[in-house]
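Observations on the three-dimensional arrangement
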Amino acid sequence: MKRIAWILLLAVAACARPEPALGLLVSTSGTLADMGAEVLHGWQLALEDVPAAKRPHSFQIDAGSSAVSAVRAYHELVDQGATLVLGPLTTDQAVAVAEAARERRVPFVTPTATGDEVTRDNRWAFRTCAADRDVAKALALFARFELQLARLVVVVDLSSRWSVGLGQAFADAFRQRNGRVVETVAFAPTLGGQSTLLEDLAQVDAEGVLLAVRHDALMPALRGASEATLAKFVLLGVDGWQGPGLAEELAGRARGAYVARHFSTQEPGAADFIAKHREAFDELPGDPAALTYDAARMLLGLWSPEANPDALRRALLEQHHVPGVTGTVRMASDGSPNAKSIVLEQLHDPARSRFLRRLAD
Amino acid sequence: MPDDDTTPRKILKDATRVLGERLDSAEFEREYPPLSGDRTEYLHAGDQSSSDLPLGGLRVGVVVDGYRIKRQIGRGGMGVVYEAEQVNLGRTVALKVMPPGAVRNERSVDRFRREATAVARLSHPRIVAVHGFNISDGLAYIAMEFVQGLDLAEVIDRLRTARTHGRRFVRISGPELEKDITEWAQGRKLIGTVPGDPRLRDGIVIDLRNPFPMAAALVADAADALRHAHAHGVIHRDIKPSNLILSREGRLKLSDFGLAKDTDAGSLTESGDFVGSPAYVSPEQASPRRVRVDERSDIYSLGVTLYELVTLHQPFGGKHVAVILRQILTKDPPPPSKLNPRVPRDLETIVLKAIEKDPDRRYASAEELGEDLRRFLNFEPIRARPLGAASRTLRQIRRHRMGVAVGTLLIAVLVLSALLAMVQSGASGPGEDQRRLEQALLARGLPAAQHERALRWLAQLSAAESAGDRRDQLDAALADAQAALTASRVPELVARLAVLDAFAARGSWDEQQRALLAASTVGIKVEFAQRLWAELAANASGGFDRRQKLSVLEGLLQDPDWLVVENAATALGSLSDSSSLGALLDALGQEVDAARRRALIGGLRRYGHPDSVALLSEALHDESPAVRMAALEALDELDPNDLLQRLAPLARDKATWIRHRYDAVLARRGRR
């Protein structure tokens, strides 16, 4: 009798165990919802590339727009059976999720979080985009040797781990090429003053400004800047700049504006993806969609319901050459791709806005 | 032959000692500009001497208002002191002359006048007498009794030197003060261990194996002088070894009332500036808040002098003024017996009572201190009682409750962690836990309403039986913390963060929740730091006073997350409140993580204070090239006079880019 009871108990336990799945940690609410929608586009397109019969069991949970909500969502994904997680979106979220992953031992792959610390000393944290150090290096090389800039100001948002980290990485990279960062402006959104960010620099003896900020902080700064200030500085931007109205705001005002990105719609090698995206969603893909598309394709290719999280982790480390629309992933042992390429775009004249080059691929 | 005491080198050396910090000649010139124009000619009109002109001073031989300058004997913040001859009486005086630049400063003249009038109404054999003073026509001086001998700072120097060289006896007074004592000491048995002993005809000699009676006797004499000054309503405010002069005859005299103040007039300068000598100031003088300073402040400083005499160490050391002041406010001094095991227990008790942080726990008067020292000298029971372990704990709690260290989150976190660990391990009953938790929260100086709320929450967490229950409780607490932040309820938020940190630090907490907890608190702390920055910049109150808010930011410098440190350091650096410099320096000195070190250097760079030069120079040797570069740039901006010398190690730096930058600095300065 006792034996039967045990068998029944084990059977119930086996039935209660959630089905292994590929979890999607996507921000569909809050300030990151727009980018989250792009992530879903990329995911959807990648899923469509896989025959219906071979599509894995997958489900998504809203990661919200904060680090806390992302950690909650990660736990929920794992609780519900995810053995591999795609997401989250930002560095701030990914750093927090990385700590949770260390405890839960279920790997996650962020397609978009560039912060160097995301994958540092953590075997369960992966990314498929270029890290800050790559973005910073590409932009510093371009600023120093193409644009011949020697003296720059770096502007960072103190609330954002991504912004401060990227600003530091760029400053180091620029200095390593004999450039001089004459000032680092750290602003706090709580204190306000974004609208005078650039104007406050009018008297600084510098040739350019790196604005390591997101679109919502960038636009007030551009709108608050005088013609003279915008004519004085070359503006350097990063992937967080993406958003509506930017090119129009810069048109005819800026001396120059260049942005480092992961993807360009003018990139010749991405024509098929761009066409598919346009057809499915009636718009051009942005960086989050393209990066997620590449990451999702890689994960869909390696995920298996039989593989436990540790096996999936090891499989991720085996991804030594995975071409994609955002460049080739050559996964390194630290969970970050080796020398992932960067796109440089010129923005200041919408009519001439153009893809400049892909570096380091 | 020029007198050695008047050479610029000697003056600088003296100034270094008097001011408690090293000066270079250019800085010195700036502070004490040479006389110029008509006034210089006037002062030098009677000069018949060809002696060198001391930096910014009066020429030897010149007669000023009836006093003929003989040599310069010292230099302090309030003026240059000369040995001079009062021509009409033929007596030697010490003439303290205000620096010419200071005569144009009304506040300085007021201080000078106050010193003169304060001392003029004192008449005591242990206080240097004033013979006259004059403030007119761009000239300000005080003529004082000339005391030939060593001040106690020089005595301490001699004792230290003797100890270093393994000598046992040190002569500190007498006609043969300069003679080598080694020969004298051979075959002698030291007699007379206190000043005034008739057997000390050759002057006072201290036996390094037992310097305690002499130290106690000298300080008892100083206490007599202070008693007299206090009885006449004068607080000295700058008691330190160099202001206690031991005459060649072996009589101790209290001098330099340059910072003296009437007891009725409060304690601070009008601007709230720090006054005094850093190592010897009392906690109430060191406090950035406006705290009334009374006689007990002098007792503290005299206690520190006694401490140094018996241990040959100052209770609080450090290269930077801000660091010393912070220690005075927050740390307990090491017991003298730890530094010198021979220190008698009673004398140690007296010293520690004199330098209690809480003035109410010190000797109430100089008279009480002097009496206890004499009881010690006469082998009678002293009145002071040593503190037990329980008293020390209670004292800590009281000190925190006074608000001196509100915001030192780390301490609270450690206390709470320990208590919570005990709760978990079942080491003590719930009633006991709650009582101790209450004490810990009380120590943080928060309103009682916050205690009740925090205790209630802690009780709920302790009572939660399952991980799920605890998670719910924690979620609720995080939501409450967020709400407190949104509503700017600062005291509540400080309490909540302390408790959350305690849980985060607890090893046995639900592992799934730890990342959530860390992510939550980091977000809250970052926004909190920014809000505090905004409020401090705007001088808004928000429930906490300015110092308390600064303390919270200072506490965040210790946070394990570099982004929190970056925010706190940027805020403090941008606010540049003088009272926070020590916290930044302390944090940098103790930090082990490169990212956090870099953040702290960024804060110091914004601060732009010369006191950070030494620590930034150390950071030039950091293992992280990014930290080395940050230090280089910060130093370059601070631009100390010896910048190139400080940067010199970078000429061989492993990183090419750092060497390039170093070369650029050199090139900019025209060295290459």
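The rules behind these values
- Residues numbered from 1 in each chain as written.
- Chains lettered and ligands numbered in written order.
- Predicted model: local features only at pLDDT ≥ 70, side-chain atom pairs only at ≥ 80, totals over all residues.
- Heavy atoms only, no water.
- Helix = DSSP H or I, 4+ residues; strand = E, 2+ residues; numbered from the N terminus.
- Buried < 20%, exposed > 50% of the residue type's maximum accessible area, 1.4 Å probe, protein only.
- Contact = heavy atoms within 4.5 Å.
- Areas by Shrake-Rupley, 256 points an atom, 1.4 Å probe, with all protein chains shown as cover.
- Pairing = 2+ DSSP bridges.
- Axes fitted to C-alpha atoms, helices over the stretch in contact; angles between N-to-C directions.
- Arc of directions from axis to C-beta.
- Buried area = accessible area lost by both parts, 1.4 Å probe.
- Salt bridge = Lys/Arg side-chain N within 4 Å of Asp/Glu carboxyl O.
- Polar contact = N/O pair within 3.5 Å; in protein donor to acceptor, adjacent residues only side chain to side chain.
- Nonpolar A, V, L, I, M, F, W, Y, C, P; charged D, E, K, R; others polar.
- Phe/Tyr/Trp six-rings, centres within 6.5 Å; stacked < 30°, edge-to-face > 60°.
- pLDDT = per-residue confidence, 0-100.
- Core = buried A, V, L, I, M, F, W, Y, C linked by side-chain atoms within 4.5 Å.
- Left-handed = near helix turned anticlockwise from the far one by under 90°.

Moving on to the overall build of chain A. A tally of regular secondary structure across chain A gives 12 helices and 12 strands. When each of the 361 residues of chain A is scored for burial, the buried share is 59%. In chain A, 67% of the contacts between residues at least 6 apart in sequence involve partners at least 24 apart. As displayed, chain A has an accessible area near 14400 Å², and 51% of this comes from carbon and sulfur atoms.

Take the sheet that holds strand β2 (residues 58–62) of chain A next. Residue and element names in this part refer to chain A. The sheet built from five strands is open, its strands ordered β2-β1-β3-β4-β5 with parallel pairing. Looking at strand neighbours, the two that pair on one side only are β2 and β5 (125–127), the edges of this open sheet. The mean inter-strand angle of the sheet, taken between neighbouring strand axes irrespective of direction, is 25°. Contacting β1 (21–26), β4 (108–110) and β5, helix α4 (residues 91–104) crosses the sheet at an angle of about 170° to β4.

Now for helix α12 (residues 309–317) of chain A. All names here are of chain A. Within the span of α12, buried status applies to P309, L312, R313 and L316. Projected down its long axis, α12 carries its buried residues within an arc of 105°, all on one side. Tucked into the core, α12 has its buried residues touching β3 (82–86), β4, β5 and α11 (287–302).

It is worth spelling out the interface of chain B and chain A at this point. Counting residues at the interface gives 33 residues for chain B and 33 residues for chain A. Taking both sides of the interface into account, the surface hidden between chain B and chain A amounts to around 2800 Å²; carbon and sulfur atoms contribute 53%. The interface formed by chain B and chain A includes three salt bridges. A salt bridge links A:D172 to B:R598; the nearest nitrogen and oxygen atoms lie 2.9 Å apart. Counting across the chain B and chain A interface gives nine residue pairs in polar contact (both at pLDDT 80 or more). Taken together, the elements giving at least two residues each to the side of chain B that touches chain A come down to α21 (511–538), α23 (562–575), α25 (594–607), α27 (625–638) and α29 (656–668) of chain B. Examining the composition of the side of chain B that touches chain A, we find that 14 residues originate from one element, α21(B), more than from any other. Here the side of chain B that touches chain A is built from residues that sort into 12 nonpolar, six polar and 15 charged.

Here the focus is the pattern of salt bridges. If you walk through the whole model with that rule in mind, you get 54 salt bridges over all chains. Where A:D287 meets A:R261, a salt bridge forms, and the shortest distance between an N and an O atom there is 2.7 Å. Pair noted here: A:D287 is in helix α11 and A:R261 is in strand β10 (residues 256–261), with a separation of 26 residues, a long-range link. Take A:D287 and A:R261: they sit in the same class, and that class is buried. With its nearest N and O atoms 3.3 Å apart, the salt bridge here joins B:D221 to B:R126. Placement of the pair is B:D221 in helix α8 (residues 212–231) and B:R126 in the loop between α5 (106–120) and β5 (130–136), with a sequence separation of 95 residues. Among the charged side chains, a salt-bridge network with shared partners connects A:D172, A:R175, B:R598, B:R605, B:E633, B:D636, B:E637, B:D639, B:R661, B:R668 and B:R669.

All names here are of chain A. For the structure shown, the criterion picks out five aromatic pairs over all chains. Ring plane angle 15° and centroid distance 5.6 Å describe the contact between F170 and F174, whose orientation is recorded as stacked. Of this pair, F170 and F174 both sit in helix α6 (residues 161–176), four residues apart, which is roughly one turn of that helix. For F170, a relative accessible area of 1% corresponds to the buried category. Three or more aromatic residues joined by ring pairs make a cluster, and in this case those are F263, F273 and Y293.

The next point concerns the side chain of B:S520. Structurally, B:S520 is set in helix α21. When near neighbours in sequence (up to four residues on either side) are disregarded, B:S520 contacts A:V68 and B:L478.

Turning our attention to the sheet that holds strand β12 (residues 252–254) of chain B. All names here are of chain B. One open sheet holds the three strands; their spatial order is β7-β11-β12, and the pairing between them is antiparallel. Edge positions in the sheet fall to β7 (149–151) and β12, since each has one partner strand and no second. Between one strand axis and the next, the sheet turns by 30° as a mean value, whatever way the strands run. Where strand β11 (residues 244–247) and β12 come together, three bridges link them in antiparallel fashion. Its bridge partner being in β12, L244 is matched across the sheet by L254. Each of β11 and β12 is contacted by α8, which is oriented at about 35° to β12, the strand it contacts most.

Okay, the confidence of the model for chain B next. Residue and element names in this part refer to chain B. When the pLDDT values of chain B are averaged, the result is 74; 68% of them are 70 or greater. Taken element by element, chain B is modelled with least confidence in helix α3 (residues 37–43), mean pLDDT 30, and with most confidence in α23, mean pLDDT 95. Predicted confidence for residues 1–25 stays below pLDDT 50, and this span has 43 contacts to residues more than four positions away or in other chains. Here residues 27–56 scores under 50 on pLDDT; set against residues more than four positions off or in separate chains, the count is 56 contacts.

Attention shifts here to the environment of A:G64. Residue and element names in this part refer to chain A. Considering the arrangement of structural elements, one finds G64 in the loop between β2 and α3 (67–79). Taking relative accessible area as the criterion, G64 reaches 7% and is therefore assigned buried. Separated by 35 residues in sequence, G64 and S29 have C-alpha atoms that sit 5.1 Å apart. Apart from the residues lying within four places of it in its own chain, the contact partners of G64 are V26, S27, S29, L32, S69 and Q93.

Another aspect to go through is the nonpolar core. Counting 130 residues, the largest nonpolar core has A:V155, A:F170, A:L235, A:L236 and A:W241 as its most contacted members. Dropping the residues within four chain positions of it, A:V155 is found in contact with A:V185, A:F187, A:L197, A:L201, A:V209, A:L210, A:L211, A:A212 and A:V213.

All right, on to the packing of α3(A) against α4(A) then. All names here are of chain A. Contact pair α3 / α4: the axes reach a minimum separation of 8 Å and the direction vectors enclose 35°. Here α3 runs over α4; the crossing is right-handed. Taken together, the residues of α4 that come into contact with α3 (itself represented by A67, A70, V71, Y74, H75, V78 and D79) are D92, Q93, A96, V97, A100, A101 and R104. Class assignment for the residues of the contact of α3 with α4 results in nine nonpolar, two polar and three charged.

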